[in-house]
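Below, each chain spelled out in residue letters.
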Amino acid sequence: MTRITSVSLRRVLDSRGNPTVEADVLTESGGFGRGAAPSGASTGEYEAIELPASESIAKAREHAVPRLEGVYAGDQRAVDNALRAADGTDDFSAIGANSAVAISMAAAKAAADVLGAPLYQHLGGAFRGENFPVPLGNVVGGGEHAKEATHIQEFLAAPVGAPSVSEAVFANAAVHAAVADVLDERGVPAAKGDEGAWAPPISDAEAFEVVDEAVDRVEDEVGFEIRFGLDMAAAELYDDDREAYVYGDETKSADEQIEYVAGLVDEYDLAYVEDPLDENDYEAFAELTDRVGDRTLICGDDLFVTNVERLQDGIDAGAANSILIKPNQIGTLSDAFDAVELAARNGYETVISHRSGETEDATIAHLAVATDAGYIKTGTVGGERTAKLNELVRIADDAV
Ligand SMILES: O=C(O)[C@@H](CO)OP(=O)(O)O
Ligand SMILES: [Mg+2]
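Residues numbered from 1 in each chain as written. Chains lettered and ligands numbered in written order. Predicted model: local features only at pLDDT ≥ 70, side-chain atom pairs only at ≥ 80, totals over all residues. Heavy atoms only, no water.

Spelled out, the test is: UniProt positions are given in the numbering used here, feature names are shortened, and annotations may be inferred rather than shown by experiment.
Per an unreviewed UniProt entry, the protein is named Enolase, and its organism is Halorubrum tebenquichense DSM 14210. In its Pathway (unreviewed entry) section, the UniProt record describing the protein reads: "Carbohydrate degradation; glycolysis; pyruvate from D-glyceraldehyde 3-phosphate: step 4/5." According to the UniProt record, the Function (unreviewed entry) comment for the protein reads "Catalyzes the reversible conversion of 2-phosphoglycerate (2-PG) into phosphoenolpyruvate (PEP). It is essential for the degradation of carbohydrates via glycolysis."

Have a look at this one:
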């Protein structure tokens, strides 16, 4: 029933206005699935390769599509193995991870369509009531996502005490609005960055004050615990030649960076710190995890790139205690699941994530529920972000 009869690929817009790959998969019984690739700006050195959309589509049409016809969409591993075989490299540099991930997600949706099940159920999961993935919502940001704003890439609201998905999602939106109020009171104008977070021209130190204040206000209003966290995207701050993290005119050595982050964790009771150190420095990650890993999540994004080999290296070194999962970093849903499973077996928390360049595709909301992820990082406002958040609300409401 789920035998694939056709795969079509097209160029569509992503949220930055760049071309990205969309895939449609049809099965012989009329099942239909559509998936679109997201795209990163602060990409990790070891990610699977994204090709220009047109080139990726041309290569995938030539090499992957003929191999996929006749494969059962319901057998996700078979689909993803066919994609790997068609590509023939370790990093999808032949057909592009953008076409691969779009097809992988579209096939999963086509199979779910045939089975008449929501995607998260087809992917093997159940919604667990109060035990839902907590949305991490970007409310202030800079780095590679906004010029002339903070050095730290993302300040993320974390409504850890929310009683429901819906209350968590609305709390993050309220923090986003409260940040606008606090900035306004301070006379700071702010545009928005790529992910819809405020991108004010203020120092990182002032941004901590602003977010802390906004979180306190909303916490008082809603009556449950809201903390916040960071994506420091430190590989972007790290200068190999100077062997230092560069914050404008100031630099920090690896030891100073560890000290700085450990201090922030304690001062602001941070719930989460992603990529606090360079993507090649497992040792520094291990040291920081040793110091503060009992009270916060130290998450590897550029460090692990959703790759089981890099995650295994991290587990061996004691680096980080959680992993960011981005299907397009590795190219297929099966590979992303493997990373989740390895993480779970070793007590690492899982955070399913969007990219800074996104589309309306809401697959990651299903992936977060299917894998019982503790967190989902997918922005706060903006259509391509709310597509995932609203899908989570629908899943909780059994309305997908
Ligand atoms: O660094 C990140 O975690 C992501 C998403 O927030 O950014 P990008 O997609 O640009 O890599
Ligand atoms: Mg990151």
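Following the structure, the description resumes.
### Some details on the coordination of the magnesium ion (ligand 2)
For clarity, the threshold we go by: Donor atoms are limited to N, O and S found within 2.8 Å of the metal ion, a distance that becomes 3.2 Å for Na, K and Ca. With water left out, some sites might look partial. Numbering of helices and strands starts at the N terminus; helices are DSSP runs of H or I of at least 4 residues and strands are runs of E of at least 2. We call a residue buried when its accessible area falls under 20% of the maximum for its residue type, exposed when it is over 50%, and partly exposed in between, using a 1.4 Å probe and counting protein chains only.
Within the protein, Asp231 (OD), Glu274 (OE) and Asp301 (OD) serve as the donor atoms for the magnesium ion (ligand 2), at 2.0 to 2.2 Å. For the magnesium ion (ligand 2), the donor residues sit on a single chain with the sequence spacing D-x42-E-x26-D. Remark: Asp301 occurs in the loop between strand S13 (297–300) and helix H11 (308–317) and Glu274 occurs in strand S12 (residues 272–274); sequence separation between them is 27 residues. For Glu274, a relative accessible area of 0% gives the class buried.

### A closer look at the UniProt feature "binding site: Mg(2+)" (unreviewed entry) in the protein
Put simply, the test is: Note on definitions: the grid is 1 Å and covers protein atoms alone; a cavity is a set of points where a 1.4 Å probe fits but cannot get out; a pocket is an open set with protein on both sides within 12 Å along at least five of seven lines; lining residues have an atom within 4 Å of a point. Note on contacts: a residue pair is in contact if any heavy atoms of the two residues lie within 4.5 Å.
Residues given the UniProt feature "binding site: Mg(2+)" (unreviewed entry) here are Asp231, Glu274 and Asp301. For the annotated residues, spread through 71 residues, the largest C-alpha to C-alpha distance comes to 9.0 Å, consistent with a single compact locus. Those annotated residues lining the second largest cavity are, specifically, Asp231, Glu274 and Asp301. Note that Asp231 resides in strand S8 (residues 227–231). By relative accessible area, Asp231 is classed as buried at 1%. Every residue in contact with Asp231, bar those within four places of it in the chain, is listed here: Ile152, Gln153, Glu154, Leu156, Glu274, Asp275, Asp301 and Lys377. What Glu274 contacts, discounting residues up to four positions off in sequence, is Leu230, Asp231, Met232, Ala233, Cys299, Asp301, Leu324 and Lys377.

### Quick word on helix H10 (residues 282–292)
For an α-helix, 3.6 residues make a turn, and residues three or four places apart therefore share a direction. The complete set of buried residues in H10 reads Tyr282, Ala284, Phe285, Ala286, Leu288, Thr289 and Val292. At its buried positions, H10 is contacted by helix H9 (254–268), S13 and H11.

### Overview of the packing of aromatic side chains
In plain terms, the rule: Side-chain rings of Phe, Tyr and Trp (the six-membered ring for Trp) are treated as a pair once their centres are within 6.5 Å; stacked means planes under 30 degrees apart, edge-to-face means over 60, and tilted covers the remaining angles. A positively charged side chain is recorded as over a ring if its NZ (Lys) or CZ (Arg) lies within 6 Å of the ring centre. The angle to the ring normal must also be within 35 degrees.
Overall, the coordinates contain seven aromatic pairs when judged by the stated rule. With a centroid separation of 4.9 Å and 75 degrees between ring planes, the pair formed by Phe155 and Phe208 is classed as edge-to-face. Highlighted residues: Phe155 in strand S5 (residues 154–158) and Phe208 in helix H7 (residues 204–222), separated in sequence by 53 residues. Accessibility expressed as a relative area gives 0% for Phe155, which makes it buried. Owing to a relative accessible area of 2%, Phe208 belongs among the buried residues under this scheme. In textbook terms, an aromatic cluster arises when at least three aromatic residues are bridged by ring pairs, as seen for Phe155, Phe208, Phe228 and Tyr268. Over the ring of Trp198 we find Lys192, and its NZ or CZ is 5.2 Å from the ring centre. The aromatic ring of Tyr260 is capped on one face by Lys252, whose charged end is 4.3 Å from the ring centroid.

### Some details on the site of ligand 1
Applied cut-off: We call a residue near a molecule or strand when any one of its heavy atoms sits within 4 Å of it. Polar contacts, as counted here, are pairs of nitrogen or oxygen atoms within 3.5 Å of one another; within protein the pair requires one atom able to donate a hydrogen and one able to accept it, and residues that are adjacent in sequence qualify only if both atoms are side-chain atoms. What sets the accessible areas is the Shrake-Rupley method with a 1.4 Å probe; for residues, cover comes only from the shown protein chains. Cavity and pocket membership follows a simple rule, namely that a molecule belongs there if more than half of its atoms are within 2 Å of the grid points. Note that Gly is not counted as nonpolar here; it falls among the polar residues with everything else outside the nonpolar set of Ala, Val, Leu, Ile, Met, Phe, Trp, Tyr, Cys and Pro and the charged set of Asp, Glu, Lys and Arg. Each domain span listed reflects an automatic or database assignment of domains.
Around ligand 1 there are 16 residues in total, and Ala41, Glu154, Glu195, Ser356 and Lys377 lie nearest to it. One of the side-chain nitrogen or oxygen atoms of Glu274 is found 2.9 Å away from an oxygen atom of ligand 1. In isolation ligand 1 exposes 310 Å². Once the protein is present, 100% of that is buried. Taken atom by atom, the bulk of ligand 1 overlaps the second largest cavity. Residues that form the shell around ligand 1 fall into these classes: two nonpolar, six polar and eight charged. Each of domain 1 (4–116) and domain 2 (134–396) gives at least three residues to the shell around ligand 1.

### Here's the deal with the domain arrangement of the protein
What counts, and what does not: Summed over both partners, buried area is the accessible surface (1.4 Å probe) that two parts give up on being assembled. Any Lys or Arg side-chain nitrogen located within 4 Å of an Asp or Glu carboxyl oxygen qualifies as a salt bridge.
Domain annotation of the protein identifies domain 1 (4–116) and domain 2 (134–396). The gap between the C-alpha centroids of domain 1 and domain 2 is 27 Å. Each partner contributes residues to the interface: domain 1 has 33 residues there, and domain 2 has 29 residues. Summed over both sides, the interface between domain 1 and domain 2 buries roughly 2,500 Å², with carbon and sulfur atoms accounting for 47% of that surface. There are five salt bridges connecting domain 1 and domain 2.

### Examining the nonpolar core
Let me state the cut-off plainly: We define a nonpolar core as any set of buried Ala, Val, Leu, Ile, Met, Phe, Trp, Tyr and Cys residues linked to one another through side-chain atoms lying within 4.5 Å.
Ranked by internal contacts, the top residues of the largest apolar core, which has 97 residues, are Phe155, Val175, Val179 and Tyr272. If you tally residues by element for this core, the top one is helix H6 (residues 165–185), at nine residues. No fewer than three residues from each of domain 1 (4–116) and domain 2 (134–396) sit in this core. Apart from residues no more than four positions distant in its own chain, Val175 is found in contact with Val139, Ala157, Ala214, Val215, Val218 and Ile226. Among the nonpolar cores identified, the runner-up in size contains 29 residues, and Val7, Leu68, Leu83 and Ala106 belong to it.

### So, the side chain of Thr27
As for its position among the elements, Thr27 is in strand S2 (residues 19–27). One polar contact links the side chain of Thr27 to the main-chain carbonyl oxygen of Met1, over a distance of 3.4 Å. Excluding residues that lie within four positions of it along the chain, Thr27 makes contacts with Met1, Thr2, Arg3, Ile4, Thr5, Ala73, Ala110 and Val114.

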